[in-house]
Each structure stands twice: as structure tokens, then as C-alpha cells.
Amino acid sequence: MANLVEATSSQQFEELLQKAGKSLVVVHFLAPWAPQCTQMNDVMAELAKENSQVTFVKLEAEAVPEVSEKYEISSVPTFLFFKNNQKVDRLDGAHAPELTKKVQRLSSAAVPMGTGVAAKEDLNERLKKLVNAAPCMLFMKGSPQEPRCGFSRQIVELFKQHSIQYSSFDILSDEEVRQGLKTFSNWPTYPQMYVNGELVGGLDIVKELAESGELEHTCPKAVTLENRLKSLISKKNVMLFMKGNKEMAKCGFSRQILEMLNSTGVEYDTFDILQDEEVRQGLKTFSNWPTYPQLYVKGELIGGHDIVKELKESGDLEAVLKGEN
């Protein structure tokens, strides 16, 4: 199929984007060990048959790390959408209906993104869910760890100073949300802060609330990160911090460590660090261990994939998990 190709290097990837020009390019960042990626490859093959004007690209995320890092691919499957060599949209996870919708919308020259009654209704529903995703939601450029504009950096710093508990959404990762939320909120700039689903405002309003002492009363107070981490690692006797969860690992090391733990029959729980950037970054410092997965037994760090593998090979893993060693 001429419009379904595989990119095995960053140079080949860039050449495909250049060659496509104004046409839509859909890139599937995948891992061969992930069954959900195989399923989405099948979906993409069907879409390629129906959309001959669209270029569909398969790219193994771990095999071409420079591209994955450039576009902040932290889990698979992830789909990026390009036009004119620019990223215009993103889809994380194995969501076939959503992938189909995005391909249809973005590939249509006659219908600009986000137009049409059905598209507007779908977007509004999605925005309602996003603004209500947490008691305090911040829509910003970048993440709290890596803000990508001065205003976003300032509001993150204010939240930190006043111990505000919040979740965030990177509007640079989703052009549909970025443009749609401006209309939805009738607020033309970012960042935007919502509390209990209601717009509070942008940086200037947050500054005023901070100066008047009202910010702490407007937003929920945060549990300190250290206390939160201590609580999480002690949640169960055996806790695994990984990419994905028991049912669906999202990196090769996480998948392998699950297999080793499952072979012991010892009960354990998992935490998906891809779902919480604060925990993902904070635990590295807290444990002085820079990578994932991380395994804890009774609140104490055992180590990562290599150490668990050594314990498995020496026959000590089950005893360590039971706290006998």
C-alpha cells in the first residue's frame, strides 16, 4: 500500500513529512511488544485504504529515540498528525473511533478543523470533561516541570508558592483543545485556570488572588509531595511504579518486570507514572533513582528492572517480595 509506510530513521521520517507537503501525515509511534499497537496497525491499514490522499507512517518509538524525544512520546500507541511539516494534533492511546474521526476531519480540505455541528458538539463534550478532570485544572503551554512560555512559568511558580493542588493540560499537545477552549471559555489567551469546572481566569487574575490572600481559599491546598510519595510507596507491601499498569505495560522494561513479579505469585500493586507528572519527576529525586520502573517493598526501594532480574535469576525474588530478606 503506497500510502502506508514505515520510518526506520529520523532522516526518513523528515523526508516523509517534507514530501507530503500540505497533505495529512499520520504517524503511529509503536512498540512491537505491545498488542494494542498491533491492533491499531490494523485500524491504520483500513484507514489507509479509505484515505489514499493521507500518508500513514509506522515508527517504532524505541528504535528511533531522537524522534520520540523530540515529540515527547512517553507511551505507546501514540499518534501524531502533521500538515506542512508541522504537528497539528495528537492522540494518545488505542482509540480507534477517535483516530478515525481525526483522520476524517484533518484530511478534509473543505471542512476546517473544528467546524460542523457534530464536530463542535463532540469538542464541547470533550472540553467539559477536561475542565472538570480535577478540582483545579490549569491549561498551560508545556507542563509544570517544563513550562513553555513566561506566563505559564509564572502561574506555576505562584501555585508552588501557595501550595495549590492542581492538574494541568498542555495545550501545545492538542491544537483542537487549544483553539476550542478559547471559544468555550470566551477567554482568548493562556494559561487558563478552572476551579470545579468554572473559569477563574488567567495569570493576572491569579496574581490578584495571590496578592489579596484569596488564592488558597479559591483552590484546594496540596498535600506535600514528599508526604504523597511516602503514602504511595507504602500503599501496599509491594508497589511497582511503572509506565502503564498490570493490564497494559507501556514500555519494554515495565512489561518484563511485570512478568517476573507475576511468576512469584506474590500480591502487588502498580502506579502508572505516565498519568502523574508530579509523581514521575518527584519520585526520581525522593528515591535517588533516575529511571523507571521502580519496585518498593514495605516502603523501601528495591530497585529497577536489572536488580529485579538479578533477584529472579538468583532465586531470591519471592523472598524479597515477602520481606523475608
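Scroll up for the structure.
Residues numbered from 1 in each chain as written. Predicted model: local features only at pLDDT ≥ 70, side-chain atom pairs only at ≥ 80, totals over all residues. Heavy atoms only, no water.

A word on the sheet that holds strand β7 (residues 167-170)
The strand order across the open sheet formed by four strands is β7-β6-β8-β9, and the pairing between neighbours is mixed. In this open sheet, the two edge strands, each paired with only one partner strand, are β7 and β9 (198-201). The sheet shows a mean angle of 30 degrees between the axes of neighbouring strands, taken without regard to direction. Against the sheet, helix α7 (residues 175-185) contacts β6 (136-140), β7, β8 (192-195) and β9, and its axis sits at roughly 60 degrees relative to β8. (Pairing = 2+ DSSP bridges. Helix = DSSP H or I, 4+ residues; strand = E, 2+ residues; numbered from the N terminus. Axes fitted to C-alpha atoms, helices over the stretch in contact; angles between N-to-C directions. Contact = heavy atoms within 4.5 Å.)

A closer look at unusual backbone geometry
Peptide bonds are, in most cases, trans, and in most cases residues other than glycine have a negative phi. In this structure, the amide linkage connecting Val76 to the following residue, Pro77, adopts the cis form with an omega of -5 degrees. For the bond running from Tyr292 to Pro293, omega is 5 degrees, close enough to zero to count as cis. One non-glycine residue, Asn85, lies in the positive phi region at around 65 degrees. Note that Asn85 resides in the loop between β4 (78-83) and β5 (86-92). Its relative accessible area of 26% is what places Asn85 among the partly exposed residues. Look at Lys298: it is not a glycine, yet its phi comes out positive at around 50 degrees. Relative to the helices and strands, Lys298 is located in the loop between β12 (294-297) and β13 (300-303). When its relative accessible area of 51% is taken as the criterion, Lys298 is described as exposed. (Buried < 20%, exposed > 50% of the residue type's maximum accessible area, 1.4 Å probe, protein only.)

What to know about the pairing of β7
As defined by bridge partners, β6 adjoins β7 across four bridges and the pair is classed as parallel. What sits directly across from Met140, in β7, is Asp170. Crossover handedness for the path β6 to helix α6 (residues 150-161) to β7: right-handed. (Right-handed = clockwise from strand over helix to strand, strands pointing away.)

Concerning the nonpolar core
Grouped burial of nonpolar side chains is what soluble globular proteins tend to show. Core analysis: the biggest nonpolar cluster contains 24 residues, and Phe13, Val27, Phe29, Leu59, Tyr71 and Phe82 have the highest contact counts within it. Broken down by secondary-structure element, the contributors of at least two residues to this core are α1 (10-20), β2 (25-30), β3 (55-60) and β4. Once residues within four sequence positions are removed from consideration, Tyr71 is found in contact with Phe13, Leu17, Leu80, Phe82, Lys87 and Arg90. Met242, Ala249, Leu261 and Val320 belong to the second-largest nonpolar core, a separate cluster that totals 17 residues. (Core = buried A, V, L, I, M, F, W, Y, C linked by side-chain atoms within 4.5 Å.)

A word on the sheet that holds β12
With mixed pairing, four strands are arranged side by side in an open sheet as β11-β10-β12-β13. Unpaired on one side and paired on the other, β11 (269-272) and β13 mark the two borders of the sheet. On average, adjacent strands in this sheet sit at an angle of 30 degrees to one another, irrespective of strand direction. Bridge count between β12 and β13: three bridges; the pairing is antiparallel.

Quick look at the side chain of Ser254
Along the chain, the position of Ser254 falls in helix α11 (residues 252-264). A residue is classified by how much of its surface remains accessible, and Ser254, at 0% relative accessible area, is buried.

Here we look at the pattern of salt bridges
Where charged atoms of side chains with opposite charge meet at close range, the side chains can pair. Under the defined criterion, the tally for this structure stands at 19 salt bridges. Arg280 is the partner of Glu277 in a salt bridge, and the nearest nitrogen-oxygen pair spans 3.9 Å. With Glu277 and Arg280 both in helix α12 (residues 277-287) and three residues apart, the pair spans about one turn of that helix. The exposure class assigned to Glu277 is partly exposed, which follows from its relative accessible area of 28%. Ionic pairing is found between Lys322 and Glu318, a salt bridge with its closest N-O pair at 2.7 Å. Given the relative accessible area of 35%, Glu318 is considered partly exposed. Via salt bridges that share partners, Asp89, Lys102, Arg105, Arg126, Asp174 and Glu176 belong to a single interconnected network. (Salt bridge = Lys/Arg side-chain N within 4 Å of Asp/Glu carboxyl O.)

Considering the packing of aromatic side chains
Counted according to the given criterion, the structure contains eight aromatic pairs. For the pair Phe13 and Tyr71, a centre-to-centre distance of 6.1 Å together with 70 degrees between the ring planes defines the contact as edge-to-face. With Phe13 in helix α1 and Tyr71 in the loop between α3 (65-70) and β4, the pair connects residues that are 58 residues apart, well separated along the chain. For Tyr71, a relative accessible area of 13% corresponds to the buried category. (Phe/Tyr/Trp six-rings, centres within 6.5 Å; stacked < 30°, edge-to-face > 60°.)

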